[in-house]
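Below are the chains, spelled out letter by letter.
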Amino acid sequence: MLYQRSSALFADAQNYIPGGVNSPVRAFKSVGGTPIFISKAEGAYIYDEDGRSYVDYINSWGPMIIGHTHPDVLNATVEQMKKGFSFGTPTELETEIAKLITSVVPNIDMVRMVNSGTEACMSAIRLARGYTNRDKIVKFEGCYHGHSDAFLIKAGSGAATFGNPNSPGVTQGTAKDTLLAEYNNLESVKALFEQNNGEIAAIIVEPIAGNMGCVVPQEGFLEGLRTLCTENGALLIFDEVMTGFRQAMGGAQERLNIAADIVTFGKVIGGGFPVGAFAARAEIMNHLAPLGPVYQAGTLSGNPIAMRAGYTTLNIINNDRDLFNRIDATTETLSKEIHTILNEKGIANHINQFGSMMSVFFTEANEINNFEDVATKCNHETFNKFFHHLLTNEVYIAPSGYETWFISDAIKDAEINKTLEAVRSFEL
Ligand SMILES: *Cc1c(COP(=O)(O)O)cnc(C)c1O
């Protein structure tokens with residue numbers, strides 16, 4: 001049996017951890033089968049408890065963009081650890097990472113560190129509400145901004161995978177302040193501004209969506225959001241938890257040349273440690289405690305070990321001028337080749353790819369532009385077969401048709417070939 005020890009560990013875990021996992025999508029519920037338990041990782045590979053290795057396209061859901069256990073990050077973090085684990089006081093390192101982030105990300109003067117992408121987005125809307133003195137926010141169906149109450153309204157991936165987009169426990173009072181629009185549909189946003197004149201604090205959006213699978217913004221969509229926000233005195237929040245330091249050093253703002261008012265980060269920013277951040281112009285960030293009245297805090301925020309891992313990772317990326325070209329080219333090769341191979345097999349498919357994010361959709365459609373398209377036009381049963389086929393062939397992609405692949409710089413020709421070989425032997 002391929003996953004003998006994983007199966008035993010999963011059975012044991014289920015007695016002590018709800019569903020055996022600490023984050024739902026890890027449970028393989030939508031694709032079926034037993035989640036594999038990982039014991040270690042290095043470079044492009046993760047190793048399971050049964051001794052098998054996999055080419056890793058999850059990369060901890062994005063953070064491991066330079067590959068696992070990069071020696072420079074490892075050494076810097078171990079050295080930092082020797083000086084203590086956490087102080088709960090300011091450190092010089094926090095200013096250093098803030099200087100680096102504000103120097104490479106457009107349209108921000110200051111940054112506040114938190115411990116997850118969820119915290120970053122939750123704090124960003126509080127700040128937007130405090131700044132504008134308005135209550136309502138606009139979010140898009142299929143976009144995920146973490147699991148705080150205000151966002152658990154038609155959230156993508158995790159929530160979509162489990163078919164309970166409106167989680168129990170989110171109060172009506174909270175839900176009524178979250179207005180839903182359709183991704184890539186500017187008219188749906190305009191209508192909300194007309195119906196809620198003067199009440200909308202912010203639009204929050206994944207500038208390149210990854211939580212309904214990879215869905216790319218159509219020409220004019222984000223520009224239109226920018227204009228609507230400016231005209232209506234609302235703030236534009238780019239949730240760059242996934243795209244930040246992945247689509248460019250300055251994230252989607254830089255890559256697509258659109259200015260956001262508040263930007264949120266997570267994933268890559270911590271280099272594999274629990275870090276999030278939100279950032280904006282000084283005029284907005286000045287509203288945050290202790291300078292201003294909008295409260296936000298964290299016992300472990302700016303933790304020195306996490307900061308050292310993040311700072312070292314960001315510096316490696318920033319000093320490697322060709323890194324984004326390389327991972328983008330790898331992703332382009334993968335998407336084109338996989339598309340061709342599936343076509344040759346007569347398996348209808350469409351691949352969305354942007355930079356180092358991509359998703360393979362099994363569909364007759366020529367375009368996948370929003371959550372509805374992913375949910376109704378794609379064959380998720382075929383995806384599940386595809387997933388298990390790849391896994392059996394030691395290629396590990398996210399266990400849901402509502403997720404993106406995350407390509408790391410450790411993926412080279414050998415890994416690409418192994419992946420394409422696995423796709424070649426896929427049969428419906
Ligand atoms: C992952 C993600 C989050 C949530 O981050 P966590 O660290 O899991 O809390 C928020 N927004 C986007 C776009 C994400 O991809």
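Residues numbered from 1 in each chain as written. Predicted model: local features only at pLDDT ≥ 70, side-chain atom pairs only at ≥ 80, totals over all residues. Heavy atoms only, no water.

### Section: the site of the ligand
Here's step 1: Taken together, the neighbourhood of the ligand is formed by S116, G117, T118, Y144, H145, G146, E206, N211, D239, V241, M242 and K267.
Here's step 2: Within the backbone of Y144, a nitrogen or oxygen atom sits 3.1 Å from a nitrogen atom of the ligand.
Here's step 3: In this structure, an oxygen atom belonging to the ligand sits 3.1 Å away from a side-chain N or O atom of N211.
Here's step 4: Protein contacts shield 83% of the accessible area of the ligand, which totals 390 Å² for the unbound molecule.
Here's step 5: Residues of the shell around the ligand, tallied by class, amount to 3 nonpolar, 6 polar and 3 charged. (Near = heavy atom within 4 Å. Polar contact = N/O pair within 3.5 Å; in protein donor to acceptor, adjacent residues only side chain to side chain. Areas by Shrake-Rupley, 256 points an atom, 1.4 Å probe, with all protein chains shown as cover. Nonpolar A, V, L, I, M, F, W, Y, C, P; charged D, E, K, R; others polar.)

### As for the sheet that holds strand β2 (residues 45–48)
Here's step 1: Across the sheet, 4 strands lie side by side as β1-β2-β3-β13; this open sheet has mixed pairing. Looking along the sheet, the strands with just one partner apiece sit at the ends: β1 (38–42) and β13 (395–396). (Pairing = 2+ DSSP bridges. Helix = DSSP H or I, 4+ residues; strand = E, 2+ residues; numbered from the N terminus.)

### Re the pattern of salt bridges
Here's step 1: Using the criterion set out here, one finds 19 salt bridges in the structure.
Here's step 2: The shortest N-O distance in the salt bridge between E79 and K82 comes to 3.0 Å.
Here's step 3: Of the residues examined, K82 reaches a relative accessible area of 63% and is grouped as exposed.
Here's step 4: Salt bridges here are not isolated pairs; linked through shared partners, they connect D320, D322, R326, D409 and K412. (Salt bridge = Lys/Arg side-chain N within 4 Å of Asp/Glu carboxyl O. Buried < 20%, exposed > 50% of the residue type's maximum accessible area, 1.4 Å probe, protein only.)

### So, the packing of helix α12 (residues 323–344) against helix α15 (residues 413–424)
Here's step 1: Interaxial distance between α12 and α15 falls to 10 Å at its minimum, and their mutual angle equals 20°. If you check the angle between α12 and α15, you find them roughly parallel. Note that α12 runs across α15; the crossing there is right-handed. The segment α12 lies against α15, with T330, T333, L334, E337, I338, I341 and L342 engaging I416, T419, L420, V423 and R424.
Here's step 2: Taken together, the residues of the contact of α12 with α15 sort by class into 7 nonpolar, 3 polar and 2 charged. (Axes fitted to C-alpha atoms, helices over the stretch in contact; angles between N-to-C directions. Parallel < 35°, antiparallel > 145°, perpendicular 65-115°, else oblique. Left-handed = near helix turned anticlockwise from the far one by under 90°. Contact = heavy atoms within 4.5 Å.)

### With respect to the environment of W61
Here's step 1: As for its position among the elements, W61 is in the loop between β3 (53–56) and α2 (71–81).
Here's step 2: Sequence separation between W61 and T404 is 343 residues, and the spatial gap between their C-alpha atoms is 8.6 Å.
Here's step 3: The contact partners of W61, leaving out residues within four places of it in the chain, are V25, K267, A398, P399, E403 and F406.

### A short note on the sheet that holds strand β11 (residues 350–354)
Here's step 1: Across the sheet, which stays open at both edges, the 3 strands sit in the order β11-β12-β14 with antiparallel pairing between neighbours. Two strands bound the open sheet, and with one partner strand each, they are β11 and β14 (405–406).
Here's step 2: Bridge analysis of strand β12 (residues 357–361) against β14 gives 2 bridges, and the strand direction is antiparallel. Considered in β14, the bridge of M357 is made with F406.

### A look at the domain arrangement of the protein
Here's step 1: As assigned here, the protein comprises domain 1 (4–57 + 322–424) and domain 2 (71–318).
Here's step 2: A C-alpha centroid distance of 25 Å is found between domain 1 and domain 2.
Here's step 3: Opposite the 30 residues of domain 1 that make contact, domain 2 presents 30 residues.
Here's step 4: Around 2400 Å² of area is buried between domain 1 and domain 2 when both sides are counted, 65% of it from carbon and sulfur atoms.
Here's step 5: Residue D328 pairs with R255 through a salt bridge whose shortest N-O separation is 2.8 Å.
Here's step 6: Put simply, the parts of the chain that give the side of domain 1 that touches domain 2 at least two residues each are α12, β11, β12 and α13 (371–377).
Here's step 7: Its residues assigned to classes, the side of domain 1 that touches domain 2 comprises 15 nonpolar, 10 polar and 5 charged. (Domains from an automatic or database assignment. Buried area = accessible area lost by both parts, 1.4 Å probe.)

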